[in-house]
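Residue-level listing of the chains:
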Amino acid sequence: MDTGADAGRGADAGNGSGPESGSGRKAGSRRESGSGPETGSGPETGSRQYPETGTGSEAGARPYDVVLFGATGFVGELTAEYLAAHAPARCRWALAGRNRAGLTALRERLTARWPHCAELPLVVADAADPGSLRELAESARVVATTVGPYVWYGDGLVGACAEAGTDYLDLTGEAEFVDLTYVRHDARARETGARIVHACGFDSVPHDLGVYFTVQQLPEDIPLRVDGFVRVGAQFSGGTFASALTALGRGREMLRAAHERRLHEPRLVERRARAPLAGPRFSRETGTWALPLPTLDPQVVARSAAALDRYGPDFRYRHYASVKTLPMALGGAVAVGASAAAAQLPPVRAWLMKRYQAGQGPSAERRARSWFSVRFVGEGGGRRVFTEVSGGDPGYDETAKMLAESALSLAFDPLPKTSGQVTTAVAMGDALIDRLRSAGIRFRVAHRG
């Protein structure tokens with residue numbers, strides 16, 4: 001499920017009369033910034049140079065370290081608020097979206113709380129305007145986007161970032177989109193040095209980094225087994241609902257995209273990394289019923305395991321929803337099945353989407369009562385470890401935090417040299433765990449055996 005992506009051009013829905021296209025000049029990334037961003041002493045670039053247009057210019061040549069695209073959507077605004085409160089003074093960042101009026105109003109709201117945002121640059125770009133996406137990508141070292149469903153609105157920006165050598169982050173939980181971008185853009189991103197990092201929110205940071213953290217507690221160079229058990233108490237937004245229904249209604253397309261990826265993706269030699277869909281069971285480790293959770297998360301974990309030798313020569317991950325009672329487990333299974341069936345019927349799907357408008361979501365009070373917990377059980381070499389990743393509202397407050405900290409990590413942390421489509425564990429690993437811990441998300445070892 002997409003946790004936090006705001007529906008497509010609806011990421012700016014309700015903020016004006018529609019997209020601006022700039023008919024008399026290059027479309028899209030038109031900047032409004034007063035006196036311009038403060039640059040301080042210049043950006044710190046971590047482990048690699050950031051070319052101006054993917055051709056090898058000096059680092060720091062671009063005007064922005066981080067651009068947030070879809071800033072006026074529900075999660076976009078939460079992410080903007082987080083950056084306003086936590087981005088370092090040296091960070092040159094900007095708000096981007098298709099509606100200048102909406103961006104201006106957002107900047108005014110931010111300035112009321114954080115006066116230093118008064119000169120925050122605004123970049124007008126539209127997911128339907130390739131020229132504006134190209135200019136957006138070429139202006140930034142890192143672009144983070146909340147504009148979904150990504151299978152409808154995301155590919156153009158990924159392609160622009162891959163071409164420009166710009167790091168790209170999103171909140172997708174759509175397996176079809178991830179597979180398509182690998183086929184279409186991974187090779188070019190490797191050539192230009194761009195890092196394409198999908199699923200930088202609740203899908204799939206706690207699961208990917210939680211398994212990475214768990215593996216580090218186990219012996220090296222042996223077969224490892226990890227099970228993850230997810231519990232949440234939260235409400236979703238219209239954008240999340242639209243993304244989930246879109247994914248459920250595109251089963252055939254998802255299978256085709258997965259098949260095409262397998263034709264392009266190199267196979268592991270002398271190692272295995274698997275994330276099979278397990279059957280339901282009662283988990284003695286957690287004292288709950290464990291239901292198989294067919295989200296993007298286990299695929300992301302398996303790709304991290306395939307890329308990193310630390311996961312051992314034979315790695316397996318199983319992903320579950322953790323439910324306290326059998327009636328709750330049965331009710332959840334029925335609800336998921338009904339939603340999947342409804343998503344196959346276009347009129348029903350359209351009616352359901354109208355029930356939850358994009359750009360809307362739970363109140364601050366409701367989010368304050370929300371929480372998540374992912375418990376992991378890892379085994380290998382005769383050792384067993386229990387770990388947990390937990391935090392507050394998963395789909396919105398914590399997702400905004402994860403996306404923002406991922407962007408800041410790519411922009412400023414000394415990281416392993418990677419490129420192409422990579423996971424959060426591969427691209428940022430320990431650095432992102434440290435950031436999230438400092439930001440209040442808990443990674444802990446509960447028990448060793």
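Hey, could you run me through the overall build of the protein in this one?
Scanning the protein from N- to C-terminus turns up 16 helices and 18 strands. Taken across its 449 residues, the protein has 56% of its residues classed as buried. For the protein, the proportion of contacts with a sequence separation of at least 24, taken over those separated by at least 6, is 81%. Carbon and sulfur atoms provide 52% of the accessible area of the protein, an area that totals close to 18,400 Å².

Before we go on, may I ask you to explain the nonpolar core in this structure?
The nonpolar side chains of a soluble globular protein tend to be buried with one another. Residues Phe69, Trp93, Leu95, Leu110, Leu169, Val211 and Phe315 are the most contacted members of the largest nonpolar core, which totals 98 residues. Take this core: its biggest share by element is nine residues, from helix H14 (residues 397-412). In terms of nonpolar packing, the next biggest core, distinct from the first, is built from six residues, Phe229, Ala278, Val377 and Phe386 among them.

What am I meant to see in helix H1 (residues 74-86) here?
Between its first and last C-alpha atoms H1 spans 19 Å; for 13 residues at 1.5 Å apiece the expected length is 18 Å, and the two agree. Of all the 13 residues making up H1, 10 are buried; the element is thus mostly covered by neighbouring parts of the structure. Of the residues making up H1, those classed as buried are Phe74, Val75, Gly76, Glu77, Leu78, Thr79, Ala80, Tyr82, Leu83 and Ala84.

Before we go on, may I ask you to explain the pattern of salt bridges in this structure?
Pairing between side chains becomes possible if they bear opposite charge and their charged atoms approach one another. Taken as a whole and assessed by the stated rule, the structure comprises 28 salt bridges. Linking Glu77 and Arg109 is a salt bridge whose minimum nitrogen-to-oxygen distance equals 3.0 Å. Of this pair, Glu77 sits in helix H1 while Arg109 sits in helix H2 (residues 100-113), and the two are 32 residues apart along the sequence. Here Arg303 makes a salt bridge to Asp179, at a shortest N to O gap of 3.1 Å. Linking Arg303 in helix H10 (residues 297-307) with Asp179 in helix H6 (residues 175-192), this pair joins segments that are 124 residues apart in sequence. You can call Asp179 buried: its relative accessible area is 3%. By sharing partners, the salt bridges in this structure join Asp227, Arg281, Glu285, Arg316, Arg318, Glu379 and Arg384 into a single network.

Just to check I follow, could you spell out the pairing of strand E15 (residues 371-380) for this structure?
Extensive coverage of E15 is indicated by the burial of seven of its 10 residues. Bridging between E15 and strand E16 (residues 383-391) involves nine bridges; their strand directions are antiparallel. Along E16, the bridge assignment pairs Phe376 with Thr387. Where E15 hands over to E16, the hairpin turn is made up of two residues, of which Gly381 adopts a positive phi near 60 degrees.

Quick notes on the rules
Residues numbered from 1 in each chain as written. Predicted model: local features only at pLDDT ≥ 70, side-chain atom pairs only at ≥ 80, totals over all residues. Heavy atoms only, no water. Helix = DSSP H or I, 4+ residues; strand = E, 2+ residues; numbered from the N terminus. Buried < 20%, exposed > 50% of the residue type's maximum accessible area, 1.4 Å probe, protein only. Contact = heavy atoms within 4.5 Å. Areas by Shrake-Rupley, 256 points an atom, 1.4 Å probe, with all protein chains shown as cover. Core = buried A, V, L, I, M, F, W, Y, C linked by side-chain atoms within 4.5 Å. Expected span 1.5 Å × (residues − 1). Salt bridge = Lys/Arg side-chain N within 4 Å of Asp/Glu carboxyl O. Pairing = 2+ DSSP bridges.

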